[in-house]
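Report on the structure
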Amino acid sequence: MRRRGLLALFGVTVVIIAASLVALVLDARRITGTPEAAGRAYLDAWAAENLPSMREMVFSPPADFLDQHRRLSTDLQVLSIKLTPGTLVRHGERAADLPFEGVRQIGELGQWRFSSVLHLAVRDGAWKVVWTPQTLHPGVAAGERLRLAEIPVPGTELLTRQGRPLPHASGAETYLRDLSGKVDDFYDAPSAGWAIEAGTSAGRSRNFVVFRRPAERTFRTTLDWWTQAAAARALDGLDRPAAVVAVRPSTGEVLAVADRLAGQGAFYQPAPPGSTFKIVTAAALLGDGMSADTPVPCPARYTIPNGRTFTNHDDQDHGTVSLRRAFALSCNTTFARLAVERLGDGALRREATELGFGGDLKSGIGGTCGTMRRAGDRDELGADAIGQNSVQATPLCMALVAAAVRDGTWRPPRLMSEKAVKRLEIDGRPKPRRMPGPVVAQLRSMMAAVVTEGTAAGSALPGGVAGKTGTAETGTGEDHSWFVGYRGDLAFAVFVEHGGAGAGAAATVAARFLGAL
């Protein structure tokens, strides 16, 4: 009996001990609160600037937790902060993230909007904030400190002719930025703004948020919103640098400049224009007494006596054709021979000068047309005549050449009103130069033939386009691709760096551009 009593007592004791252990384990697994409540409580304390409460809600906060928050508010003149929690994301039973949006009011400058995430985890039986500096100021790298800095900003806002900002990713942004600076300089009133700057002890800094006053002056430029948008979108998808420039032949107004070349290449970086320069050579020949119907030989090869041999594309031999047909087929042999045997260096350079070469373009922010130096011999002259050797031109320059054929007068370009540009270009502007009527009429027929029966006939260009293809040898890499032309009161140049044949990349871009108008 006594033995049975002892066994019973032992059994009761074991049950009591086991129950106690289970209770202890359950108590250890009990978690105080929820991640949603912990996260929202932290954000409420932050918005109320209750830093001690915030610190209590953080697991293992850094020793300078309070100082980091106070320093940021002082350095940036934070007047208030508004925090809006998003949707909690759980990571198992013991971790979660609470994204949130923040708005800091920075003095009287404006608002700094930011996004961040609260990392939450169970620590010591309760939900705690796992704090990092990214919680306080997301996007700031280790070693960087935020500060307010005064910076120069444009005091002039420039818009399209419709009074609208530029289209998205237009390729004209740097041009209007520079033009704004020239206008500010004219008014002798540079404007200042402020930025939240992330700086390092090594002196490196970057603008985090920029605050600027409303523009003191607003002007409309000559850029047309729709033409600019069409030019920019025509370049989308190209895998190499390119540019589209469009001008109004009757006025010289720049309607679009979509520039994805280095160094604002559409205005400032000349390149070999290839066969598009045959417009200049043809103008000189027509001015020398030839006509578009004059028969001329277009052999596969032409060798200057005791000199260089010129060839056509794919060694094509077209026999005897009209000058118009030779132009449409882009016969290198024809134009090299006529330059050497008929024109001479002086006549060709004079014609190039009449069409803008060798001068500054004074558009409001300058610009250059191109160059053609004196030929050293007949080999160089032959190469100049087909847009190689010393001949260089910008897309802006060649757009103006096409515009001169369309209008009958070469005009300097401008990005603002004539009155405004004259004020900005203190050294004066080039004068318009009228071309001989018979020359213009025949050049128009020749450029139209390029599209209807020549090198651009298969390029899907819309009706009413006249132009000239150009394939320019570079000496390094693939040839440059050009297409210049006009339709109605719009002239344009397309340049694709190392784009290959002009009838390929450049003409395709031109077709996309014109098709969107």
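Values in this document were obtained by computation on a predicted structure and should not be read as measured data.

What counts and what doesn't
Residues numbered from 1 in each chain as written. Predicted model: local features only at pLDDT ≥ 70, side-chain atom pairs only at ≥ 80, totals over all residues. Heavy atoms only, no water. Helix = DSSP H or I, 4+ residues; strand = E, 2+ residues; numbered from the N terminus. Expected span 1.5 Å × (residues − 1). Buried < 20%, exposed > 50% of the residue type's maximum accessible area, 1.4 Å probe, protein only. Contact = heavy atoms within 4.5 Å. Salt bridge = Lys/Arg side-chain N within 4 Å of Asp/Glu carboxyl O. pLDDT = per-residue confidence, 0-100. Disulfide = S-S within 2.5 Å. 1 Å grid on protein atoms, 1.4 Å probe; cavity = no way out; pocket = protein on both sides within 12 Å on 5 of 7 lines; lining within 4 Å. Points joined across faces, edges and corners; volume = space filled by probe spheres on them. Nonpolar A, V, L, I, M, F, W, Y, C, P; charged D, E, K, R; others polar. Axes fitted to C-alpha atoms, helices over the stretch in contact; angles between N-to-C directions. Left-handed = near helix turned anticlockwise from the far one by under 90°. Phe/Tyr/Trp six-rings, centres within 6.5 Å; stacked < 30°, edge-to-face > 60°. Lys NZ or Arg CZ within 6 Å of the ring centre and 35° of its normal. Parallel < 35°, antiparallel > 145°, perpendicular 65-115°, else oblique. Polar contact = N/O pair within 3.5 Å; in protein donor to acceptor, adjacent residues only side chain to side chain.

Digging into helix α16 (residues 437–453)
Here α16 contains 17 residues, and its C-alpha end-to-end distance of 24 Å stays within 8% of the 24 Å for a straight helix at 1.5 Å per residue. Of all the residues in α16, the buried ones are V439, V440, L443, M446, M447, A449, V450 and V451. At its buried positions, α16 is contacted by α9 (278–287), α10 (323–328), α14 (395–407), β21 (466–472) and β22 (480–487).

Brief notes about the pattern of salt bridges
Two side chains bearing opposite charge may form a pair once their charged atoms approach each other closely. The final tally for this structure, using the stated rule, is 22 salt bridges. With its nearest N and O atoms 3.1 Å apart, the salt bridge here joins E253 to R248. Look at E253 and you get buried, because its relative accessible area is 10%. We note a salt bridge from R429 to E418, for which the minimum N-O separation is 3.2 Å. Taken together, the residues span a long stretch of sequence, with R429 in the loop between α15 (418–424) and β20 (433–434) and E418 in helix α15 at a distance of 11 residues. Take E418: its relative accessible area is 29%, and that puts it in the partly exposed class.

Here we look at the confidence of the model for the protein
Mean pLDDT over the protein: 90, with 93% of residues reaching 70 or higher. Low pLDDT, under 50, characterises residues 5–28; the predicted model gives this stretch zero contacts beyond four residues in sequence or across chains.

Focus: the state of the cysteines
In the structure shown here, the tally under the stated rule is two disulfides. Each sulfur of the disulfide joining C369 and C397 lies 1.9 Å from the other. Of note, the bridge from C369 to C397 carries an S-S torsion of about 45° and is right-handed in sense. With C369 in the loop between α12 (345–354) and β17 (370–371) and C397 in helix α14, this residue pair connects regions lying 28 residues apart in the sequence. Taking relative accessible area as the criterion, C369 reaches 0% and is therefore assigned buried.

As for the environment of W127
Within the fold, W127 resides in strand β5 (residues 126–130). For W127, a relative accessible area of 8% corresponds to the buried category. C-alpha separation for the pair W127 and P35, spaced 92 residues apart in sequence, amounts to 5.9 Å.

As for the layout of surface pockets
Empty space within the largest pocket amounts to approximately 590 Å³. Taken together, 26 residues form the lining of the largest pocket, with S275, H313, S330, N332 and T471 sitting closest to its centre. For the lining of the largest pocket, the secondary-structure elements that each account for two or more residues are β15 (309–311), β21 and α17 (502–515). The computed volume of the second largest pocket comes to approximately 270 Å³. Taken together, P154, T156, E157, L158, L159, P165, L166, E173, L176, R177, S180 and R212 make up the full set of residues lining the second largest pocket. Among the elements of the structure, β7 (156–159) and α6 (173–187) are those that each provide at least two residues to the lining of the second largest pocket. Taken together, the residues that form the lining of the second largest pocket break down as six nonpolar, two polar and four charged.

Comments concerning the packing of helix α7 (residues 225–235) against α17
Where α7 meets α17, the axes come as close as 8 Å, and the angle between the chain directions of the two elements is 145°. Pair α7 / α17 crosses with right-handed handedness. Seen from α7, the contacting residues are T227, A230, A231, A234 and L235; seen from α17, they are V509, R512 and F513. When the residues that make up the contact of α7 with α17 are grouped by side-chain class, the tally is six nonpolar, one polar and one charged.

Let's talk about the packing of aromatic side chains
Enumeration according to the criterion identifies 15 aromatic pairs in this entry. Ring plane angle 85° and centroid distance 5.4 Å describe the contact between F277 and F357, whose orientation is recorded as edge-to-face. Of this pair, F277 sits in the loop between α8 (265–268) and α9 while F357 sits in the loop between α12 and β17, placing them 80 residues apart in sequence. A single burial state applies to F277 and to F357, both of which are buried. Both rings, one in F492 and one in F513, keep their centres 6.1 Å apart while their planes meet at 70°; by these two values the pair is edge-to-face. On the criterion of sequence distance, the pair formed by F492 in strand β23 (residues 490–496) and F513 in helix α17 is long-range, its members being 21 residues apart. The class of F492 is buried, set by a relative accessible area of 0%. Directly above the ring of W226 sits R164, whose terminal nitrogen or CZ lies 5.6 Å from the centroid.

So, unusual backbone geometry
Look at A169: it is not a glycine, yet its phi comes out positive at around 45°. Among the secondary structure elements, A169 is positioned in the loop between β7 and α6.

As for the packing of helix α11 (residues 332–343) against helix α13 (residues 378–385)
Orientation of α11 relative to α13, taken along the N-to-C sense of each, is 130°, at an axis distance of 8 Å. Considered as vectors, α11 and α13 are oriented oblique to each other. Handedness of the crossing formed by α11 with α13: right-handed. Side by side, α11 and α13 meet where F335, A336, A339 and V340 of the first sit next to R378, L381, G382 and A385 of the second. A breakdown of the residues in the contact of α11 with α13 according to their chemical character gives six nonpolar, one polar and one charged.

Examining the side chain of N312
Turning to its location among the elements, N312 is positioned in the loop between β15 and β16 (319–322). Residue N312 is classed as buried on the basis of its relative accessible area, which comes to 6%. At 3.2 Å, the side chain of N312 forms a polar contact with the backbone nitrogen of T333. Discounting residues that sit within four places of it in the chain, N312 has contacts with C298, P299, A300, C331, N332 and T333.

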